[in-house]
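# Structure at a glance
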Amino acid sequence: MANSDSLEFLVEKHSKPVPPAERTEILMNPGFGNLFTDHMVSIRYSEGQGWHDAKVQARAPIPMDPASSVLHYAQEIFEGMKAYRLADGTTALFRPEQNALRFQKSARRMAMPELPQEIFLKSVEALVDIDRDWFPSAEGGSLYLRPFMFASEVFLGVRPAKEYLYMVIASPVGAYFKEGASAISIWVSEEYSRAAPGGTGAAKCGGNYAASLVAQAEAIAQDCDQVVFLDAAEHRWVEELGGMNLFFVMDDGRLITPPLTGTILPGITRESIITLAREEGLEVSEEPYAIDQWRSDAASGKLKETFACGTAAVVTAVGTVRSAQGDFTIGSGGPGQLTEKLRMRLVDIQRGLAEDKYGWVKRLF
Ligand SMILES: *Cc1c(COP(=O)(O)O)cnc(C)c1O
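Since the model is a prediction, treat every value here as computed from it, not as a measurement.

### Re unusual backbone geometry
A positive phi angle is found at Ala 111, which is not glycine, with a value near 55°. Relative to the helices and strands, Ala 111 is located in the loop between helix H3 (96-109) and helix H4 (117-130). Positive phi values are uncommon outside glycine, yet Asp 223 reaches one of about 70°. Relative to the helices and strands, Asp 223 is located in the loop between helix H5 (206-221) and strand S10 (226-230). Asp 223 gets classed as exposed once you look at its relative accessible area, which sits at 64%.

Below is the structure:
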């Protein structure tokens, strides 16, 4: 079996990269997730050989056998992270070792092999290195990185696959929500659940997203930006959005966020916000928060603000909540003070504008 620590990447530069003028055009207004850089990383895994065949090469379609097991049983996991260009021109990642660790946890849950953390980090850095000219020029832009892994074995039997393909692609991105969106509206899904006790809610797997899409479509049909899921057992406890964790700001200054009981994705942004809020002297409670409580606290003014957070959108205020029981507004319906403060604290650290006392920013080159 190949010694993973000594895995070397074969680097083959794209022979026809996007011409500089076209790239500059793209980077002025990249949108979110439609456009990609010139290269990609791929590493194969097989039971016999372990991790092998590591490459950085031109981004291209991947030939796939119709019996590849991911197409049938959805053994697939992913990560989402951003590379930033700091004020001084250095490129940096935000807590990438946390993504490496979570990728291993997701793999364990999906009966997939765990990619060693140093290979994960090396793969991401290699892609940022070769595509370093792809950082958006627009304010607030970054290079979104998408490491993922799927079962590539050609086999229809039901058992964990014996072969996998790990890849990383990159997309220059601007703001996640359309410009001018200061607070989002969310739809409470009462019919659909995202994750159940004992299920895969804490793993970052494609299947969770597949399960969330019909509810997200319902949210859009209800004229809302995002869907919020309740717990699957009682349909009472507020869990999270399809891809973002939630925080509630109370009038006594306390922050509440739902606890990580296995049905919620442990967000790295969530964890960072908890740390920053405690540093501000705020009390943060990881405790269940009921939908009826949310509604009555919003009405009484006990609840001041609500925000969602995740790598893609960082921190986003929730202004209105809509459900079959009617709508309610949080605060004035716009971004609250604490939401703005915590967002700025985090963004300033991510961009190298504020002291990084926890060593979260990993400078590359
Ligand atoms: C990725 C993700 C998040 C946010 O995690 P971050 O590490 O903060 O980006 C939250 N919820 C779900 C369901 C996710 O998939």
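That covers the picture; the talk isn't over yet.
### Quick notes on the pattern of salt bridges
Inspection of the entire model under this criterion finds 18 salt bridges. Notably, a salt bridge pairs Lys 55 with Asp 53, separated by 3.9 Å at the nearest N-O pair. Residue Asp 327 pairs with Arg 322 through a salt bridge whose shortest N-O separation is 2.9 Å. For Asp 327, a relative accessible area of 49% puts it in the partly exposed group. By relative accessible area, Arg 322 is classed as partly exposed at 28%. Among the charged side chains, a salt-bridge network with shared partners connects Glu 279, Glu 280, Lys 341, Arg 345 and Lys 357.

### A look at the packing of H3 against H4
Direction vectors running N to C along H3 and H4 enclose 125°, while the axes themselves pass 9 Å from each other. For the element pair H3 / H4, the angle class is oblique. The handedness of the crossing between H3 and H4 is right-handed. Touching Pro 96, Glu 97, Asn 99, Ala 100, Leu 101, Phe 103 and Gln 104 of H3 are Gln 117, Phe 120 and Leu 121, all from H4. Of the residues in the contact of H3 with H4, the class split is six nonpolar, three polar and one charged.

### Regarding the site of the ligand
Around the ligand, the surrounding shell holds 15 residues, and the nearest of these are Lys 204, Tyr 209, Glu 240, Thr 269 and Thr 311. Contact between the ligand and Glu 240: a nitrogen atom at 2.6 Å from a side-chain N or O atom of the residue. Here the ligand has 380 Å² of accessible area as a free molecule, and 97% of this is covered by the chains.

Procedures and definitions
- Residues numbered from 1 in each chain as written.
- Predicted model: local features only at pLDDT ≥ 70, side-chain atom pairs only at ≥ 80, totals over all residues.
- Heavy atoms only, no water.
- Helix = DSSP H or I, 4+ residues; strand = E, 2+ residues; numbered from the N terminus.
- Buried < 20%, exposed > 50% of the residue type's maximum accessible area, 1.4 Å probe, protein only.
- Salt bridge = Lys/Arg side-chain N within 4 Å of Asp/Glu carboxyl O.
- Axes fitted to C-alpha atoms, helices over the stretch in contact; angles between N-to-C directions.
- Parallel < 35°, antiparallel > 145°, perpendicular 65-115°, else oblique.
- Left-handed = near helix turned anticlockwise from the far one by under 90°.
- Contact = heavy atoms within 4.5 Å.
- Nonpolar A, V, L, I, M, F, W, Y, C, P; charged D, E, K, R; others polar.
- Near = heavy atom within 4 Å.
- Polar contact = N/O pair within 3.5 Å; in protein donor to acceptor, adjacent residues only side chain to side chain.
- Areas by Shrake-Rupley, 256 points an atom, 1.4 Å probe, with all protein chains shown as cover.

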